Amino acid sequence: MRGKRVLLGITGGIAAYKIAGLIRLLRKEGADVKCIMTPASCDFISPLTIATLSEHPVQIEFWDRRNGSWTNHVDLGLWPDLFLITPLTANTLAKLAHGYADNLLTATYLSARCPVMIAPAMDLDMYAHLTTTENLERLRGHGVRVLEAQYGELASGLVGQGRMMEPEDQLKEVKNFFQGAHDLEGKRVLITAGPTYEKIDPVRFIGNHSSGKMGYRLAESALRRGAEVILVSGPSAQRLEHPALQLIRVESALEMLEEVKKQWEQCDLGIFAAAVADYRPAEATDQKIKKKEDEMSIRLVKNPDILAWAGSVKKESQFLVGFALETNDAVRHAEEKRARKNLDLIVLNTLEEAGSGFQVDTNRVHLIDRNNKLTSFELKEKSVVAEDIIEFIKSRL
Ligand code: PMT
């Protein structure tokens, strides 16, 4: 990162005090750091601290009332290689999403030509509010990279999602942006995500709680690193658009297998995060089944194991990663799955660990390699978990 110019935008949230640490980390990596603060953020951390650590004057207002000098937001917007707004309050988020330019930071955002990252931080209910979700979605759609808020204890004393991503993890994201941005260039990555729905009749199915979040975050991470990604997704509300993405939507395990069979041979890396139903109804009816008897049975037949198929035809040059979702005796079951399905790596997550598995935005994963070496990570946001997994895979490719 030597010589890279990072412009930090600091807004008025309690997490602003952590930005002193972030500046030190960035400076240690050799980055040139300038900072814009909103007036509200100066209540949370002194501009003198920020100026001293960044070794640049801090910009707060459009003009300095004492000597009448003008701070040009256009020049500031053209200076950086990356503009990172951290912490980002709900208030400034709303302004960015709707084009307000009522202070130096928001005006500079509109002038910036470089990529922009944001690290939202707010109370859990503000973060979960539909307005915030829509504003984040809007900025994502404008190409802004969101360093999602983390789960944990908040300044209010409540526990939930809303904590600013820790400075160390923000640094990782910034480093990936500069160094690793293209380290998967030329690679084709096949990812499976979401649940499968196994049809009973036109209105009912057998499914599971997978939201697709883990698989979609992995796809985002691989795309960011320059890979071409084929994402075979079961029914999921997640959305993703990217010029290097081929998104194939399927419903059942049989459909997922068919698509995976078409794609796997041309891919360098496979990451199978889908929660595939192990069984499907032996017969699906075309008419809705009517309520008659007090009891009814549905005969189930085994679905093919898609990952095991990919492992059985895997070439020397291909790297295959599976997931294991366990509830008990987790490591032993995961090791057994890794070996049986001929995987290079298995990602274990267990429902015994709070904040892990289905639906939630966080996950705690344990990676098991071909030598059964176990590497455990902390509970993190799924976007950060995806970065950790891809980083690990890259070190083994
Ligand atoms: O989607 P989210 O809400 O974000 O939740 C993420 C997740 C919990 C679904 C994900 O992290 C996860 O654990 N995915 C795998 C779930 C699962 O089905 O695990 P399993 O232990 O039953 O399967 C082992 C592996 O074989 C998995 O890679 C699975 O994709 C694959 N498999 C399983 C059965 C089958 N018929 N075909 C398969 O390919």
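Look above for the structure.
Chains are numbered independently. Their residues run from 1 in the order of the written sequence. Confidence filtering applies because this is a predicted model: local features only for residues at pLDDT of at least 70, side-chain atom pairs given and counted only at 80 or more, and all residues used for totals across whole chains, interfaces and linings. The side-chain numbers reported here are obtained from all heavy atoms of the structure, hydrogens and water having been left aside.

Asks: Is there a simple way to explain the pattern of salt bridges in this structure?
Replies: Oppositely charged side chains are able to pair whenever their charged atoms sit close together. Whenever Lys or Arg places a side-chain nitrogen within 4 Å of a carboxyl oxygen from Asp or Glu, that contact is recorded as a salt bridge. Evaluation of the coordinates by the stated rule reveals 32 salt bridges. One salt bridge in this structure joins R140 and E148, with 3.5 Å as the shortest N-O distance. Three labels apply to residues, based on accessible area from a 1.4 Å probe with only protein chains included: buried if under 20% of the type maximum, exposed if over 50%, partly exposed otherwise in between. Exposure remark for R140: the relative accessible area of 30% places this residue in the partly exposed category. Put simply, D183 and K394 hold a salt bridge, and the shortest N to O gap is 2.7 Å. Highlighted residues: D183 in the loop between helix 8 (167-178) and strand 8 (188-193) and K394 in helix 13 (residues 382-396), separated in sequence by 211 residues. When salt bridges with common partners are traced through the structure, they connect D183, R224, R225, E387, E391 and K394 into a single cluster. Where helices and strands are cited, they refer to DSSP runs of H or I of at least four residues and of E of at least two residues respectively, numbered from the N terminus.

Asks: In this structure, what is going on with the nonpolar core? I would like to understand it.
Replies: L218, V229, L231, I271 and I389 are the most contacted members of the largest nonpolar core, which has 32 residues in total. Two residues qualify as a contact provided that any one of their heavy atoms is within 4.5 Å of a heavy atom in the partner residue. Those residues in contact with V229 that sit more than four places away from it in its chain are V189, I191, A219, A222, L223, A244, L245 and Q246. Residues A20, L26, M164 and V384 belong to the second largest nonpolar core, which totals 30 residues. The set of buried Ala, Val, Leu, Ile, Met, Phe, Trp, Tyr and Cys residues whose side-chain atoms join them within 4.5 Å is what this entry labels a nonpolar core.

Asks: Can you help me understand helix 7 (residues 130-141) in this one?
Replies: Its 12 residues give helix 7 an end-to-end C-alpha distance of 16 Å, which sits within 8% of 16 Å, the value for a rise of 1.5 Å per residue. Those residues of helix 7 lying buried are T132, N135, L136 and L139. Projected down its long axis, helix 7 shows its buried positions confined to an angular sector of 100°, all on one face. Facing away from the buried side of helix 7 by more than 90 degrees, the exposed set consists of L130 and G141. Where helix 7 is buried, its residues contact helix 4 (90-97), helix 5 (104-111), strand 4 (116-120), helix 6 (124-128) and strand 5 (145-146). In the segment just after helix 7, G143 is the residue with positive phi, at about 90°. By this rule, a helix spans an expected 1.5 Å times one less than how many residues it contains. By definition, the arc is the one covered by directions from the helix axis to the C-beta atoms.

Asks: Help me understand the pairing of strand 16 (residues 319-326), please; the structure alone is not making it clear to me.
Replies: When a strand is regular, its side chains alternate between the sheet's two faces. Counting buried positions along strand 16 yields 7 of 8 residues, so the element is predominantly enclosed. The sheet contact formed by strand 13 (residues 269-272) and strand 16 spans 4 bridges and is parallel. The residue bridging G270 from the neighbouring strand is L320, located in strand 16. Pairing of strand 16 with strand 17 (residues 345-350), which is carried by 6 bridges, proceeds in the parallel orientation. Within strand 17, the position partnered with G322 by the bridge is I346. Clockwise travel from the first strand over the helix to the second, with the strands pointing away from the viewer, marks a crossover as right-handed. A crossover connection joins strand 16 to the parallel strand 17 through helix 12 (residues 330-340); in handedness this β-α-β unit is right-handed. A pair of strands is treated as paired once DSSP finds two or more bridges between them.

Asks: Looking at this structure, how should I read the site of the ligand?
Replies: Proximity is defined per residue: any heavy atom of the residue falling within 4 Å of a molecule or strand makes that residue near it. Taken together, 27 residues lie near the ligand, and S210, S211, A274, K337 and N349 sit nearest. A distance of 2.4 Å is found between an oxygen atom of the ligand and a side-chain nitrogen or oxygen belonging to K337. Side-chain polar atom of K341 to an oxygen atom of the ligand: 3.0 Å apart, as the coordinates give it. In isolation the ligand has 780 Å² of accessible area, and contact with the protein removes 95% of it. Secondary structure elements with two or more residues in the shell around the ligand: helix 9 (213-224), helix 11 (306-312) and strand 16. Polar contacts, as counted here, are pairs of nitrogen or oxygen atoms within 3.5 Å of one another; within protein the pair requires one atom able to donate a hydrogen and one able to accept it, and residues that are adjacent in sequence qualify only if both atoms are side-chain atoms. Areas reported here follow the Shrake-Rupley algorithm with a probe of radius 1.4 Å; residue values treat only the protein chains shown as occluding.

Asks: How do you make sense of a nonpolar patch on the surface when you look at a structure like this?
Replies: Distance thresholds for patches are 9 Å for like charges and 5 Å for nonpolar side chains (Val, Leu, Ile, Met, Phe, Trp, Tyr), applied to residues having over 30% relative accessible area and no salt bridge. A surface patch of nonpolar side chains, about 390 Å² in accessible area, is lined by Y279, M296, I298 and L300. Examined against the element boundaries, L300 turns out to sit in strand 15 (residues 300-302). A relative accessible area of 40% places L300 in the partly exposed class.

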